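Letter by letter, the chains look like this.
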Amino acid sequence: MTINKATHGHWSSRFAFILAATGSAVGLGNIWKFPYITGENGGGAFVLVYLLCVVLIGIPIMIAETMLGRRAQSNPIEAMQQLTDEAQADKNWRYLGWLGVIAGVLILSYYSVIAGWASAYIFKDLFGSFFGIDATQSQTLFDNFTASPIQLIFWHSVFMAATMWIVAKGVNNGLEKSVRFLMPSLFVLLFLLVGYAMTTNSYQQGLDFMFNLDFSKLTGNAILTAMGHAFFTLSLGMGAIMVYGSYLPKDVSIAKTAYLIAAADTIVALLAGIAIFPLVFEHGLHPASGAGLIFQTLPIAFGNMTGGWLMGMLFFVLLVFAALSSSISLIEPAVAWLVENKNFTREKACLWTGLGTWFLGLGTVFSFNIWKDVVFFDKNIFQLLDYLTANVMLPIGGFAIAVFAGYIMKREHTESELQMPCTQSYDVWRILVRYVAPASIFLVFLHVVGVLG
Ligand code: PHE
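Here goes a summary of the coordinates provided.

So, how was this worked out
Residues numbered from 1 in each chain as written. Predicted model: local features only at pLDDT ≥ 70, side-chain atom pairs only at ≥ 80, totals over all residues. Heavy atoms only, no water. Helix = DSSP H or I, 4+ residues; strand = E, 2+ residues; numbered from the N terminus. Rg over C-alpha atoms; globule rule 2.2 N^0.38 Å. Buried < 20%, exposed > 50% of the residue type's maximum accessible area, 1.4 Å probe, protein only. Contact = heavy atoms within 4.5 Å. Areas by Shrake-Rupley, 256 points an atom, 1.4 Å probe, with all protein chains shown as cover. Lys, Arg positive; Asp, Glu negative; His and termini not counted. Charge placed at Lys NZ, Arg CZ, Asp CG, Glu CD. Near = heavy atom within 4 Å. Polar contact = N/O pair within 3.5 Å; in protein donor to acceptor, adjacent residues only side chain to side chain. Nonpolar A, V, L, I, M, F, W, Y, C, P; charged D, E, K, R; others polar. Core = buried A, V, L, I, M, F, W, Y, C linked by side-chain atoms within 4.5 Å. Axes fitted to C-alpha atoms, helices over the stretch in contact; angles between N-to-C directions. Parallel < 35°, antiparallel > 145°, perpendicular 65-115°, else oblique. Phe/Tyr/Trp six-rings, centres within 6.5 Å; stacked < 30°, edge-to-face > 60°. Lys NZ or Arg CZ within 6 Å of the ring centre and 35° of its normal.

### A few points about the overall build of the chain
A tally of helices and strands in the chain yields 18 helices and zero strands. For 453 residues, the compact-globule formula gives about 22 Å, and the C-alpha radius of gyration of the chain, at 21 Å, lands near that figure. C-alpha atoms of the chain, sized along the principal axes, occupy 65 × 45 × 40 Å. Expressed as a percentage of the 453 residues in the chain, the buried residues total 62%. Counting only contacts in the chain whose residues sit at least 6 apart along the sequence, the fraction spanning at least 24 positions is 83%. Entry remark: accessible area of the chain is about 17,200 Å², with carbon and sulfur atoms responsible for 67%. The positive charge centre, built from 23 side chains, and the negative charge centre, built from 25, are 9 Å apart in the chain.

Right under this line is the structure:
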């Protein structure tokens, strides 16, 4: 097989990698998904399990995944092939790369539809749709919008085209640089929204919902969703971080960057939750309303606060940018593989992957209207895709990455690649990646299939 290594670039610095990886991690997962799944799964106890998963499973696997990419210096499919050869391991490990590429395409197919909602909401705010809005009107606005396949397809197409254009032009760099401004601005806006939530009478109730532990609400599926979300929100288990790691210069400390990225990502999610739940209770909305949660609650805040018009616009613009810096990493493994292994030009690779993903996205578009009632196992197409990717494919990918890094790769290779500041921290990582992470993932799966009740 001919491999086109010349196309494989490098970040200019550690900072560029941190920006790109944080851009990948922080996205709709933090601001749109985290609040609504927390609402659906009963709050506090779910949040605790998610935080535990980030620390015990997410961070060690993020270190492992970045390391695999950097060692192989190529796209996930090719990387797994090379590392397998290096470790003289079973050839089947290469399917791990494939699993990731497929998961990325499937996730992007629905991610783009939701990012399309956020794009549409920029204009709804601009044209004053939120002005003085109450809870019922906000819900109607959302319901009417999602009932229209044409509108959803339009915005899904716009977002998909923007993503593929950025990936094709290789202007990722420009986008990553803008993360430098976008991320702090997003923080500021979230803080302001938290400030607004504090002025409502339901602030405490919102906090209680997020942080009071009620384990009676913690079903097996809630635990799986919390774990799946730790992978999703940190962009783990599908090669996004691997492919970004492959562009990382050799002299950069992987562990330190992983802590930073995970911390930033978690703070954004918690802030989003703290801003949203008080509003949910204040306006008599239901925490478990599902995927529309932030689109039903935030317009009420923007429509009724001073300066809300401008803030609403800024918020949705920032959300779309945060989504773009994630979506480009969802498709990068597929594109890099086509370019490096199949000799596609970047443009052609983007065109085909973009069209394919766009087409798949129609399934999600229709899940909110004409195919609302098409359900398998109680889930519409969107829910099924989300479940299959976040709760099944990413954890399996993460499990395999942990096992590969912990058992298959030679210790001297991982040790020299990671260059941890001391052997103790290397040992802690190794224990987490060999025992704690795989065992936890395995137990959660067992629990869900009912073996453990
Ligand atoms: N982490 C992104 C988010 O939270 C989504 C994502 C998942 C991106 C997997 C890349 C890979 O929005």
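### Overview of the site of the ligand
Taken together, 15 residues sit near the ligand, with Ala-25, Gly-29, Tyr-111, Phe-232 and Ser-235 positioned nearest. A distance of 3.4 Å is found between an oxygen atom of the ligand and a side-chain nitrogen or oxygen belonging to Asn-30. Isolated, the ligand exposes 320 Å² of accessible area, and the fraction of that covered by the protein chains is 100%. Counting residues per element, the ones that place at least two in the shell around the ligand are α1 (14-25), α2 (28-40), α10 (220-233) and α14 (308-342). Broken down by class, the residue content of the shell around the ligand amounts to seven nonpolar, eight polar and no charged.

### Digging into unusual backbone geometry
One non-glycine residue, Gln-88, lies in the positive phi region at around 50°. Classification of Gln-88 by relative accessible area gives exposed; the value is 68%. Non-glycine residue Asp-378 carries a positive phi angle of around 70°. Following the sequence through the fold, Asp-378 ends up in the loop between α15 (346-367) and α16 (381-408).

### Re the nonpolar core
One finds Phe-295, Phe-315, Phe-316 and Trp-429 to be the most contacted residues of the largest nonpolar core, which totals 173 residues. With residues up to four places along the chain from it excluded, the contact list for Phe-315 reads Ile-31, Leu-189, Leu-190, Leu-193, Leu-298 and Phe-302.

### Points about the packing of α2 against α10
Between α2 and α10, whose axes approach to 11 Å, the crossing angle comes to 175°. When the axes of α2 and α10 are compared, the pair comes out roughly antiparallel. On the side of α2, the interface is formed by Gly-29, Asn-30, Lys-33, Phe-34 and Ile-37, while α10 contributes Thr-225, His-229, Phe-232 and Thr-233. The class makeup of the residues in the contact of α2 with α10 is three nonpolar, five polar and one charged.

### What about the environment of Pro-438?
The topology assignment puts Pro-438 in helix α18 (residues 423-449). Of the residues examined, Pro-438 reaches a relative accessible area of 6% and is grouped as buried. Separated by 381 residues in sequence, Pro-438 and Ile-57 have C-alpha atoms that sit 8.1 Å apart. The residues touching Pro-438, leaving out its near neighbours within four places in the chain, are Phe-399, Ala-402, Val-403, Leu-432 and Val-433.

### Considerations on the packing of aromatic side chains
Across all of its chains, the model carries 27 aromatic pairs by this definition. Aromatic side chains Trp-117 and Phe-368 sit 4.9 Å apart centroid to centroid with 80° between the ring planes, which places their arrangement in the edge-to-face category. In this pair, Trp-117 sits in helix α5 (residues 95-126) while Phe-368 sits in the loop between α15 and α16, placing the two residues 251 residues apart along the sequence. For Trp-117, a relative accessible area of 1% corresponds to the buried category. Ring geometry for Phe-209 against Phe-281: centres 5.6 Å apart, planes inclined by 65°, an arrangement best described as edge-to-face. Of this pair, Phe-209 sits in helix α9 (residues 203-211) while Phe-281 sits in helix α12 (residues 254-282); the two residues are 72 residues apart in sequence, bridging distant segments of the chain. The class of Phe-209 is buried, set by a relative accessible area of 13%. If you follow Lys-33 out to its NZ or CZ, it ends over the ring of Phe-232, 4.2 Å from the centre. In this structure, Lys-379 is placed above the aromatic ring of Tyr-387, and the distance from its NZ or CZ to the ring centre is 4.6 Å.

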